[in-house]
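As a plain string of letters, each chain reads:
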Amino acid sequence: MSATVSDTDLAAAVDALRAGQLVAFPTETVYGLGANARDPVAVARLYAAKGRPADHPVIVHIGSVEDLPLWARDIPPAARALAARFWPGPLTLVLKRATGVRDAITGGQDTVAVRCPAHPVALRLLAAARAAGIDGIVAPSANRFGRISPTTAAHVREELGDAVAVVLDGGPCAVGIESTIVDVSAAEPRVLRPGMLTAQDIADCLGSALGHADAAAPRVSGALPAHYAPRTPLVLLAGGDCANHVHQRLAAGERVAVLAGTGLVQSLGAHAGLRTLSAAPDADGYARALYANLRELDAAGCALIVVEAPPPGAAWRGIADRLQRAAQGHSLPPA
Ligand code: TXA
Ligand code: MG
C-alpha cells in the first residue's frame with residue numbers, strides 16, 4: 001500500500017507543509033487533513049477548508065512518543081503506559097498542554113490531544129516533516145465539518161479537492177473509524193470518544209477502572225449529536241423492524257437504501273427501488289467498510305438509508321456511536 005507513495009510525493013508533501021499548505025494523508029483510522037501544528041496561518045487555513053468552528057480542537061500527530069513532551073506537560077504514568085502499549089495505533093491522548101502550544105489547536109483549553117498513527121505513510125510523512133523542522137502535524141479527519149470521514153484518497157479528493165495541495169494515497173484505511181480518545185489530564189482516565197480500541201483494552205492496560213465523561217470533560221467535536229452524517233436521512237432499526245419498515249417504504253413507492261447483515265439483505269430480496277449493501281459480521285470488518293458503505297448508499301439517490309442496528313457488546317461500541325450520530329436528527333418518517 002505504502003509503495004504507492006514515492007519519496008518524491010513525500011518531499012512534495014513536506015514542502016507544502018513548510019509553505020503553510022494543507023496535505024491529506026492516510027492513517028490506519030481515517031484520512032487526515034494535515035497542517036504544520038506550529039503555523040497559525042496554516043491552522044487557520046485548515047479550519048476554513050473544513051468549515052470547522054474555531055472552538056473545536058484538533059489532534060496533533062507525532063511520529064514518536066519521544067516527541068510527546070514537545071506538546072504536553074505533566075505527563076502522568078497512565079499516559080506513558082497507554083502510549084507504550086498502543087502507539088503507534090488508533091489511540092489519542094488528551095493531556096495538559098506544554099507551554100507555547102497555541103489556543104488555535106486546543107480550542108483555548110489547557111489540554112492538547114496527541115496521537116502517533118500506525119500507518120506507514122503517516123509515519124514516513126511525520127519523520128520527513130520532523131527532519132525538516134516540523135515537530136507536529138495537526139490533522140482532523142479530511143472531510144467537511146459534520147460529514148462522513150474519508151477512508152480512501154478518492155473520498156478526500158471528492159470532498160476537499162482544491163483546498164489540499166497534496167493528497168498522499170496509502171490505500172483504504174485498515175481500521176475505518178476514528179481513534180479512541182482517552183483523557184488522561186484528570187485524576188481518572190476516561191474515554192471521550194469510543195473507537196475500535198475499547199474501554200476494556202484501555203482499562204486492562206491501566207489495571208484500573210475508567211472514569212466517566214461528564215459535563216466538565218473537554219470538548220470533543222465528534223461528540224456533537226449530529227456528526228458523521230450522510231445527506232440522505234438515516235434510521236437505525238433492529239432486524240425485524242428493519243424489514244417491516246423497508247417493505248412499507250417500498251410499497252409507498254419510495255427508493256430505499258439498506259446496510260444490514262447478509263441474512264437480512266437476503267431476506268429482503270430484489271426490488272426495483274431497493275439498494276442493499278451487506279455488512280461484515282465481525283466488528284473489525286464492519287468498521288473498516290462502514291464509511292465507504294455509507295457514502296455509497298448516500299449516493300444511491302434514495303429517500304432513506306435504513307441501517308440494521310449492530311449487535312450489543314464492547315467491540316461494537318465505536319461503531320454504534322458513529323451510527324447513532326449519523327442517525328441523529330432523523331426521526332422515523334411516518335410510514
Ligand atoms: O483517528 C483520528 O483521530 C483521526 C485521524 C486523522 O488521526 N482524526 C480525527 O480528528 O478524528 P478530528 O478532528 O476529526 O477529531 C478530533 C477530535 C475532536 O472530537 C476533538 O474535539 C477532539 O479530538 N479533541 C482535540 N483536542 C482535544 C482536547 N484538547 N480535549 C478534548 N478533545 C479534543
Ligand atoms: Mg472528524
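Remember, predicted model here, so these are calculated numbers, not experimental data.

## As for the side chain of Arg-193
Point 1. Tracing the backbone shows Arg-193 in strand β9 (residues 190–193).
Point 2. Of the side chains with opposite charge, Glu-178 comes closest to the buried, unpaired Arg-193, at an N-O distance of 5.1 Å.
Point 3. Here Ser-179 takes part through its backbone oxygen, which lies 3.0 Å from a polar atom of the side chain of Arg-193.

## A closer look at the nonpolar core
Point 1. Counting residues in hydrophobic clusters, the biggest one holds 47 residues, and the most contacted among them are Leu-82, Trp-87, Leu-91, Leu-93, Leu-95, Val-138 and Ile-202.
Point 2. Listing elements by their share of this core, those giving two or more residues are β2 (32–36), α2 (40–50), α3 (77–86), β4 (91–96), β5 (111–115), α6 (153–160) and α7 (199–206).
Point 3. Not counting chain neighbours up to four residues away, the residues in contact with Leu-93 comprise Ala-79, Leu-82, Ala-83, Trp-87, Val-112, Ala-113, Val-114, Val-182 and Val-184.

## Thoughts on the sheet that holds β9
Point 1. Here we have nine strands laid out as an open sheet, ordered β7-β1-β2-β6-β3-β5-β4-β8-β9, and mixed in their pairing. Among the strands making up the open sheet, the edge pair consists of β7 (166–167) and β9.
Point 2. With four bridges connecting them, β4 and β5 associate as antiparallel partners. Residue pairing for β5: Val-94 is matched across the bridge by Ala-113.

## Things to note about the domain arrangement of the protein chain
Point 1. Partitioning the protein chain into structural domains gives domain 1 (7–206) and domain 2 (234–328).
Point 2. If you average the C-alpha positions of domain 1 and of domain 2, the two centres end up 30 Å apart.
Point 3. Between domain 1 and domain 2, the buried area comes to about 1,400 Å², and carbon and sulfur atoms account for 58% of it.
Point 4. The three residues of domain 1 that bury the most area against domain 2 are Ile-148, Pro-194 and Met-196, which together make up 39% of that side's buried surface.

## Remarks on the pattern of salt bridges
Point 1. Taken as a whole, this structure holds 16 salt bridges when the rule is applied.
Point 2. Put simply, Glu-28 and Arg-115 hold a salt bridge, and the shortest N to O gap is 3.0 Å. With Glu-28 in the loop between β1 (23–25) and β2 and Arg-115 in strand β5, this pair connects stretches of sequence that are 87 residues apart.
Point 3. Look at Glu-28 and you get buried, because its relative accessible area is 7%.
Point 4. Asp-67 is paired through a salt bridge with Arg-130; the nearest N and O atoms lie 2.7 Å apart. Of this pair, Asp-67 sits in the loop between β3 (59–61) and α3 while Arg-130 sits in helix α5 (residues 120–131), and the two are 63 residues apart along the sequence.
Point 5. One salt-bridge network, held together by shared partners, links Arg-73, Asp-74, Arg-97, Asp-103 and Asp-110.

## Considerations on the packing of helix α10 (residues 283–298) against helix α11 (residues 317–327)
Between two packed helices, both the angle of their axes relative to each other and the distance between the axes serve to describe the pair.
Point 1. Direction vectors running N to C along α10 and α11 enclose 30°, while the axes themselves pass 10 Å from each other. One element, α10, and the other, α11, form an angle in the roughly parallel class. Judged by the twist between their axes, the crossing of α10 over α11 is left-handed. Along the contact surface, α10 presents Ala-283, Tyr-286, Ala-287, Leu-290 and Tyr-291, while α11 presents Ile-319, Arg-322 and Leu-323.
Point 2. For the contact of α10 with α11, a count of residues per class yields seven nonpolar, no polar and one charged.

## What about the sheet that holds strand β12 (residues 274–278)?
Point 1. Pairing is parallel across the open sheet formed by four strands, whose spatial order is β10-β13-β11-β12. Each end of this open sheet is capped by a strand with a single partner; those strands are β10 (234–237) and β12. The mean inter-strand angle of the sheet, taken between neighbouring strand axes irrespective of direction, is 20°.
Point 2. The pairing of β10 with strand β13 (residues 304–308) spans four bridges and is parallel. Bridging from a neighbouring strand, Leu-234 pairs with Ile-305 of β13.
Point 3. Along the sheet face, α10 touches β10, β11 (256–260), β12 and β13 and points at about 175° away from the line of β11.
Point 4. Across the face of the sheet, α11 comes into contact with β10 and β13 while running at roughly 135° to β10.

## A closer look at the packing of α3 against α7
Point 1. At a minimum axis distance of 9 Å, the contact between α3 and α7 shows a crossing angle of 115°. Our pair here, α3 against α7, has a crossing hand that is right-handed. Contacts from Ala-78, Ala-81, Leu-82, Arg-85 and Phe-86 in α3 reach Asp-201, Ile-202, Cys-205 and Leu-206 in α7.
Point 2. Considered class by class, the residues forming the contact of α3 with α7 number seven nonpolar, no polar and two charged.

## Brief notes about the packing of aromatic side chains
The relative placement of two aromatic rings is captured by the distance of their centres and the angle of their planes.
Point 1. Per the counting criterion, the structure on display carries two aromatic pairs.
Point 2. A centroid spacing of 5.3 Å and a plane angle of 75° characterise the contact between Tyr-286 and Trp-316, whose relative ring orientation is edge-to-face. Taken together, the residues span a long stretch of sequence, with Tyr-286 in helix α10 and Trp-316 in the loop between β13 and α11 at a distance of 30 residues.
Point 3. Since its relative accessible area comes to 6%, Tyr-286 is described here as buried.
Point 4. Taking the relative accessible area as the measure of exposure, Trp-316 reaches 10% and is therefore buried.
Point 5. Here the basic side chain of Arg-38 rests over the ring of Trp-71, its NZ or CZ set 3.7 Å away from the ring centre.
Point 6. Here Arg-322 stacks its cationic end above the ring of Tyr-228, 5.2 Å away from the centre of that ring.

The rules we used
Residues numbered from 1 in each chain as written. Chains lettered and ligands numbered in written order. Predicted model: local features only at pLDDT ≥ 70, side-chain atom pairs only at ≥ 80, totals over all residues. Heavy atoms only, no water. Helix = DSSP H or I, 4+ residues; strand = E, 2+ residues; numbered from the N terminus. Buried < 20%, exposed > 50% of the residue type's maximum accessible area, 1.4 Å probe, protein only. Lys, Arg positive; Asp, Glu negative; His and termini not counted. Salt bridge = Lys/Arg side-chain N within 4 Å of Asp/Glu carboxyl O. Polar contact = N/O pair within 3.5 Å; in protein donor to acceptor, adjacent residues only side chain to side chain. Core = buried A, V, L, I, M, F, W, Y, C linked by side-chain atoms within 4.5 Å. Contact = heavy atoms within 4.5 Å. Pairing = 2+ DSSP bridges. Domains from an automatic or database assignment. Buried area = accessible area lost by both parts, 1.4 Å probe. Axes fitted to C-alpha atoms, helices over the stretch in contact; angles between N-to-C directions. Parallel < 35°, antiparallel > 145°, perpendicular 65-115°, else oblique. Left-handed = near helix turned anticlockwise from the far one by under 90°. Nonpolar A, V, L, I, M, F, W, Y, C, P; charged D, E, K, R; others polar. Phe/Tyr/Trp six-rings, centres within 6.5 Å; stacked < 30°, edge-to-face > 60°. Lys NZ or Arg CZ within 6 Å of the ring centre and 35° of its normal.

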